[in-house]
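# Structural description and commentary
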Amino acid sequence: MIKTVIFDIGNVLMEFSWWPYVRSLFDEDTARVITDAFWKTGYWEEFDRGVLSYEEIVKLMEEAAPEYVKEIHLTLERVGECMRKHDYAIPWIKQLKEMGYQVVFLSNYSEFLMKLKPEVLDFLPYMDGGVFSCHVKLIKPDPAIYQALCEKCNLIPEESLFVDDNAANIESAKKFGLHAIRFEGYEKSYGEVMEYLAERNK
């Protein structure tokens, strides 16, 4: 029986559209350089991990693309533009709670983004808690973050369903013992999640 639904946040409960955002700022070649400096290096994940300071991470990004320092700073200054609310988030959470499920979150998320655009997290008061990576100094797909969530929210892995858009996170969650479904857009995944819950809770 499933008793708890665990949601990722970015590109599940809210939109984080990176590539359209950087392309709105720069030509394609520059956008790719900036994307590599942020993502291929793993430095963006350091914001989510919450161990290094903002200044330390930006310095690492600058060293990865020293000819694009101004562009890196511009990208960070305006990054809130790639974050948007999803209208379905609160109704879906409320529906699950009315059905008797505990609903929590597990997200790679930084203090930087929380402060930059808090309104995209307007669904949090409707949830039963959860874990932000920056608060536990761990990021998915490290299995230790699933353990941290279970301990904080008193979850039993085999009684919990995890919904995330990242394939590596889904795989690690399953190895940890969670049920898991990869989110591929609300239109497809809403029905899949609700059907899975119905089948497991007959």
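Refer to the structure printed above.
Sequence order as written defines the numbering, with residues in each chain counted from 1. pLDDT decides what is reported in this predicted model: residues at 70 or higher carry local features, side-chain atom pairs at 80 or more are listed and counted, and totals for whole chains, interfaces and linings draw on all residues regardless. Side-chain descriptors were evaluated using all non-hydrogen atoms of the structure, hydrogens and water having been removed beforehand.

## A closer look at the overall build of the chain
Under the convention used in this document: Secondary structure elements are taken from DSSP: a helix is a run of H or I of four residues or more, a strand is a run of E of two residues or more, and numbering for both begins at the N terminus. The globule rule used for comparison is 2.2 Å times the number of residues to the exponent 0.38, while the radius of gyration itself is calculated over C-alpha atoms. Think of it in three bands: residues with accessible area under 20% of the maximum for their type are buried, residues over 50% are exposed, and the middle band is partly exposed, with areas taken using a 1.4 Å probe on protein chains only. When checking whether two residues touch, look at their non-hydrogen atoms; a contact exists if any pair is within 4.5 Å. All tallies of charge rest on Lys and Arg as positive and Asp and Glu as negative; His and the ends of each chain are not included. All charge positions are set by atom: Lys at NZ, Arg at CZ, Asp at CG, Glu at CD.
Looking only at helices and strands, the chain has 11 helices and seven strands in total. Radius of gyration (C-alpha) of the chain: 18 Å, near the 17 Å computed for a compact globule of 202 residues. With the C-alpha coordinates of the chain rotated into their principal frame, the extents come out at 60 × 30 × 25 Å. With 202 residues in all, the chain has 48% of them scored as buried. Of the contacts formed within the chain by residues at least 6 apart in sequence, a portion of 67% connects residues at least 24 apart. For the chain, the separation between the mean place of its 23 positive charges and that of its 35 negative charges on side chains is 3 Å.

## A look at the pairing of strand β1 (residues 4–7)
For the record, the criterion: In this analysis, strands are considered paired if DSSP registers two or more bridges between them.
Taking every second residue as pointing to the same face, both faces of β1 are buried, with T4 and I6 on one and V5 and F7 on the other. As defined by bridge partners, β1 adjoins strand β4 (residues 102–107) across four bridges and the pair is classed as parallel. When the sheet's bridge partners are listed, T4 is paired in β4 with Q102. Of the pairings in the sheet, the one linking β1 to strand β6 (residues 160–164) comprises four bridges and is parallel in character. Paired with T4 across the bridge in β6 is S160.

## Notes on the sheet that holds β1
Under the convention used in this document: Under this scheme, a helix contributes an axis fitted over its contacting stretch, all axes are lines through C-alpha atoms, and angles between N-to-C directions fall in the 0 to 180 degree range.
Strand order in this open sheet of five strands is β5-β4-β1-β6-β7, and the pairing throughout is parallel. Edge strands, defined here as strands with exactly one partner in the open sheet, are β5 (130–132) and β7 (179–182). With direction set aside, neighbouring strand axes in the sheet form an average angle of 20°. Bridge count between β6 and β7: four bridges; the pairing is parallel. Bridging from a neighbouring strand, V163 pairs with I181 of β7. The strands touched by helix α10 (residues 167–176) within the sheet are β6 and β7, with β7 carrying the most contacts at an inclination of about 165°. Those strands touched by helix α11 (residues 186–200) are β1, β6 and β7, and its axis lies near 160° from that of β7.

## Some thoughts on the nonpolar core
Quick note on the threshold: We call a set of buried residues a nonpolar core when its members are Ala, Val, Leu, Ile, Met, Phe, Trp, Tyr or Cys and they connect through side-chain atoms within 4.5 Å of each other.
Within the largest apolar cluster, 55 residues are counted, with the highest numbers of intra-cluster contacts made by F7, F38, W44, L96, Y109, F123 and L197. No other element matches the five residues that helix α6 (residues 89–98) contributes to this core. In this view, L96 contacts V5, F7, Y101, V103, M194 and L197; residues no more than four positions away in its chain are not counted. Of all hydrophobic cores here, the second largest spans 17 residues; its members include V104, L106, L155 and A180.

## Quick word on the layout of surface pockets
To keep it simple, the criterion reads: Here the term cavity refers to a set of points on a 1 Å grid, laid over the protein atoms alone, in which a 1.4 Å probe fits but cannot get out; the term pocket refers to an open set having protein on both sides within 12 Å along at least five of seven lines, with lining residues being those that place an atom within 4 Å of a point. Grid points are joined across faces, edges and corners, and a volume is the space filled by probe spheres set on the points. Under this grouping Gly is polar, as are all residues other than the nonpolar Ala, Val, Leu, Ile, Met, Phe, Trp, Tyr, Cys and Pro and the charged Asp, Glu, Lys and Arg.
In this structure, the largest pocket spans a volume of roughly 500 Å³. Together, 20 residues line the largest pocket, and W39, D48, N108, D165 and N166 are the ones closest to its centre. Those elements giving two or more residues to the lining of the largest pocket turn out to be β2 (14–16), α3 (43–49) and α10. Ranked by the residues each element gives to the lining of the largest pocket, the list is headed by α3, at three residues. Partitioning the lining of the largest pocket into residue classes produces eight nonpolar, six polar and six charged.

## Some points on the pattern of salt bridges
Where we set the bar: The salt bridge definition used is simple: a Lys or Arg side-chain nitrogen within 4 Å of an Asp or Glu carboxyl oxygen.
What the rule picks out here adds up to 11 salt bridges. One salt bridge in this structure joins R84 and E15, with 3.9 Å as the shortest N-O distance. Of this pair, R84 sits in strand β3 (residues 83–85) while E15 is found in strand β2, placing the two residues 69 residues apart along the sequence. Given the relative accessible area of 22%, E15 is considered partly exposed. In this structure, R32 engages E28 in a salt bridge whose closest nitrogen and oxygen atoms are separated by 2.7 Å. With R32 and E28 both in helix α2 (residues 28–40), this residue pair falls four residues apart, about one helical turn. What makes R32 partly exposed here is its relative accessible area of 44%. Salt bridges here are not isolated pairs; linked through shared partners, they connect D8, K140 and D164.

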